[in-house]
Amino acid sequence: MTATFPGQSPPDFTNCDREQIHIPGAILPHGAMLVIDNATLEVLQIAGDTAGLLGVAHADLLGRSIADIFKAQQVEHLRALCANLPLLRPRHMLDPQMRVAADLPLDASLHRSDETLVLEFEAADISDRFAADPLAAVQEMIEGLDGAASIVELCQTAAERVRNLAAYDRVLVYRFMEDGSGWVIAESKRDGLEAFLDLHYPAADIPQQARALYVKNGLRLITQVNYEPARLVPTDNPRTGKPLDMSQAMLRDVSPVHRQYLRNMGIDASMSISIISGGALWGLVACHHYSPRRLPRHLRAICELFGSMFSYQVEAFEKREQFTERMASRLVLQKLMLNLAGADEYAHGLTEQSPNLLDYIHGGNTSLAGRRQGGVAVSIKGALTYLGTTPKKDQIERIVAWLSVKMRDTEGVYATDRVGECWEPAKEFADVASGLLVISVSPNPSDFILWFRPELVGTAAWAGQPTKGVAHGAAAEGANNDVLTPRKSFEVWKETVRGRALPWSQSDLDAARDLRTSLLDVVLRRITEAARERKLAADRDQLLMAELDHRVKNTLANIAALVIQTSASANSLSTFVEGLAARIQSMAKAHSLLSQSRWEGVSINNLLMEELAPYVSGSATLEIVGPDVVLTSKSALALSLAIHELATNAAKYGALSAREGRIAIRWALADGGGLDLSWRETGGPAVAPPTRRGFGSTLIERALAMETDGQATLHYLPEGVLCEVALPPASLAASGPAGPPPVPGFASTQPDPKKTAKGIRVLAIEDSFMVVSMLELVFDSFGWTMVGPAARVAQALTLIETETVDAALLDVNLDGEMSWDVAAALQARGIPFVLSTGYEIGQLLPDTLKHVKFVRKPYNVDELEKAVLDAIKSR
């Protein structure tokens, strides 16, 4: 407990939140930093061991140009980065790119801060096995992540992968809750350490401004707790008089409060990797070491990339879990409604049959063990029925009387996790009903369904004391005012949260609204008719869940294909990181636009503006002209990737790299009902046809052709690149025929229609370009020949009749059409085949296909090979 001395006001616990940790004026002493004028490249400020790392003392650096320190090609490389990249985040330059002394390996990074450039240096460790091949480490870390069955399992795998690579004593995955507190949901540690798994930590552990920096900067390293910071010289920028904003600095000095907190825990070195979901800080991968540890820059770059990819996985899993939870809730709701159809009494059908209202909305899980508590009551025309742990009958009646007035100002749903703060008499039964969720089930608020959640007393395990102590006078290290100090122990104790319950989730509130709508609009008026409608809705929801599962797994398969294709064409870790992150981000932008329209379509204007937004502030001119039409979801995803590749190429080599550059994007509705679009570049560097086809140009031309049944053609004109795109009527969401017209199948790339000497011939029937691209690499590694691919039912039927193949790999859904007719044609010709699906196909399979083997997306390469070979053997 903190004492308040006579004449003093109560201490203020917000010092941490006011600490300006983004402008510490110092760096970690093992590195060096140069702050450079953006225009002249003159060194304005210095910190750290420049003599040891660069061979030049501070006094000999200030006021000089970096051209006096680095080689001409190194300076030109820095100038090119400044000209072509925004550098809002650090750009890694691994050894030997910026090495100064021949015998001293050196890693560096570059980023912008206001009007200056910040160069940071550290000694490189080229003896590490991944120093020469960092892509191998990335592939090892991400392998198998998509096989996790839950968020917790995914996070446990991530903790183990990070610890295997970085070799810290302990790695935690720390998830933030709604109130800002943290929850350890995964842990990997060396033997002999106390387990922290399933512990909760107070929100005060990580101040608000620190959380904001974790969103900006994906990785934070502390090599050892006890060090003397290397001060920036001069302290402020001599041109502006302002302190340097080190929000993105890799070597930023650490808050003294945080360092003391680590000392109290016995931690000597740490690393934090941000987990970002939906643009917000979802959690952290927290690495602890009990002796000094400096992780080499190349391993940190790998961990940072892994953090970004892991964040995408977390976001995808979370959205899937939310949707699955909502669908499960809907299924319980439908069963409740069916029960009501045959129940004589309203309350009996909701509480005394299975499922019941506690199956529909429960008391919540307060730990990884999944403990559930709580109760429910139904009050209809003064009659009470209740189930589970609830207040007493007279207490519920008093709550109902209060709600009859309170609910008049609501839309029929009311929820709180601290009802005693809203209604004083509720404090007397807070132990069983601190949380209250209510729906009104009558036109006037007099009939209610009430869910109760108990007080969280002794149910949350916290690390340390959640209210930090305040030191006074000498205890505050000489400070005159009360200052916030970290806790002096890290022992677990039980935190008592008086009068508060586990908060109601958005899924709980959605479920309550669904039930209220059903009771008011359907059940109370037409119970018999409702039973029939609910049965139909249950069937539709089953199909919807299958479609969602298919869509999510296709997305994961596309990401896996992007990883393989990008790594195949990348010649360094930096190009792999940039290429993969940019392509995934392009897919994410299109997915976000589609989510806003409930996957019904995307405005072409919105899609182009979203993709080209990073280039609007540049010197080049962008012209976007055309009618605002809506593209189907599949066409939008394909076009967004194509536009991304064109824009990236233009920024590197084309019109966006020149001051006088110009890009004109024009489109119009075609006479046949489709869409014609052109991308024309002028004013940039002279263009010559490439000597080889890269993944980007292949993606532009083949992805649009396969995903949309359209066409894209690249012309490398001397004055600039011209790309012409023709999309068929079916690519437009608001017009055109129900499906694309049939097109001829792809011709075989082998002149001999029989099995080649390399191996078997497999017909690929798949409508995703990314998946086909991956299959081409996989088939080639097996020594197989790919026939096709066929992206539509009509194409597949044509190839089955005209080609000779040993087997087929058949996607069960081709552009929205189930492929049972293709399966029948394969069976008729006696061609063995394997079904490929993202669905939980179960009951969807026709009886004629129940015996057919199938493989799930995203593919496991070994399972795919075995399934195809087994199908051939069983013929």
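The structure we're discussing is the one just above.
What you see is a predicted model; the values in this text were computed from it and never measured.

What counts and how
Residue numbering note: each chain is counted from 1, following its sequence as written. Totals for whole chains, interfaces and linings use all residues, but because this is a predicted model, local features are given only for residues with pLDDT of at least 70 and pairs of side-chain atoms are given and counted only at 80 or more. Here the side-chain values reflect all heavy atoms present in the structure, with hydrogen atoms and water set aside. Two aromatic rings from Phe, Tyr or Trp, using only the six-membered ring of Trp, form a pair when their centres are within 6.5 Å; if the ring planes differ by under 30 degrees the pair is stacked, by over 60 it is edge-to-face, and anything between is tilted. Elements are defined by DSSP. Helices are runs of H or I of four residues or more, strands are runs of E of two residues or more, and each kind is numbered from the N terminus. Here's how the labels work: a residue is buried when its accessible area is under 20% of the maximum for its type, exposed when over 50%, partly exposed in between, all with a 1.4 Å probe on protein chains only. By the criterion adopted, a ring carries a charge over it if an Arg CZ or a Lys NZ lies within 6 Å of its centre and within 35 degrees of its normal. A carboxyl oxygen of Asp or Glu within 4 Å of a side-chain nitrogen of Lys or Arg is what we treat as a salt bridge.

1. So, the packing of aromatic side chains
Here comes step 1: Counted by the stated rule, this structure contains seven aromatic pairs.
Here comes step 2: Ring geometry for Phe70 versus Phe121: centroids 5.8 Å apart, planes at 20°, classification stacked. In this pair, Phe70 sits in the loop between α2 (50–54) and α3 (72–84) while Phe121 sits in strand β6 (residues 116–123), placing the two residues 51 residues apart along the sequence.
Here comes step 3: The exposure class of Phe70 is buried, given its relative accessible area of 5%.
Here comes step 4: According to the relative accessible area criterion, Phe121 is buried, its value standing at 0%.
Here comes step 5: Over the ring of Tyr227 we find Arg259, and its NZ or CZ is 3.9 Å from the ring centre.
Here comes step 6: Directly above the ring of Tyr168 sits Arg293, whose terminal nitrogen or CZ lies 5.7 Å from the centroid.

2. Re the pattern of salt bridges
Here comes step 1: Under the definition given, this model contains 23 salt bridges.
Here comes step 2: Here Glu187 ties to Arg170 by a salt bridge, and the two come within 2.5 Å at their closest N and O atoms. Of this pair, Glu187 sits in strand β8 (residues 182–189) while Arg170 is found in strand β7 (residues 170–176), placing the two residues 17 residues apart along the sequence.
Here comes step 3: Overall, the relative accessible area of 11% leaves Glu187 in the buried class.
Here comes step 4: Accessibility expressed as a relative area gives 2% for Arg170, which makes it buried.
Here comes step 5: Connected via shared salt-bridge partners are Glu122, Arg294, Arg297 and Arg300.

3. Digging into unusual backbone geometry
Glycine aside, negative phi is the norm for most residues, and most peptide bonds take the trans geometry.
Here comes step 1: Cis geometry is adopted by the peptide bond preceding Pro96, which originates at Asp95 and carries an omega value of 10°.
Here comes step 2: Examined against the element boundaries, Pro96 turns out to sit in the loop between β4 (91–93) and β5 (106–113).
Here comes step 3: Cis geometry marks the peptide bond from Gly788 to Pro789, where omega comes out at 5°.
Here comes step 4: One can find Pro789 in strand β31 (residues 785–790).
Here comes step 5: Within the chain, Asp114 stands out as a residue other than glycine whose phi angle is a positive 55°.
Here comes step 6: As for its placement among the helices and strands, Asp114 is situated in the loop between β5 and β6.

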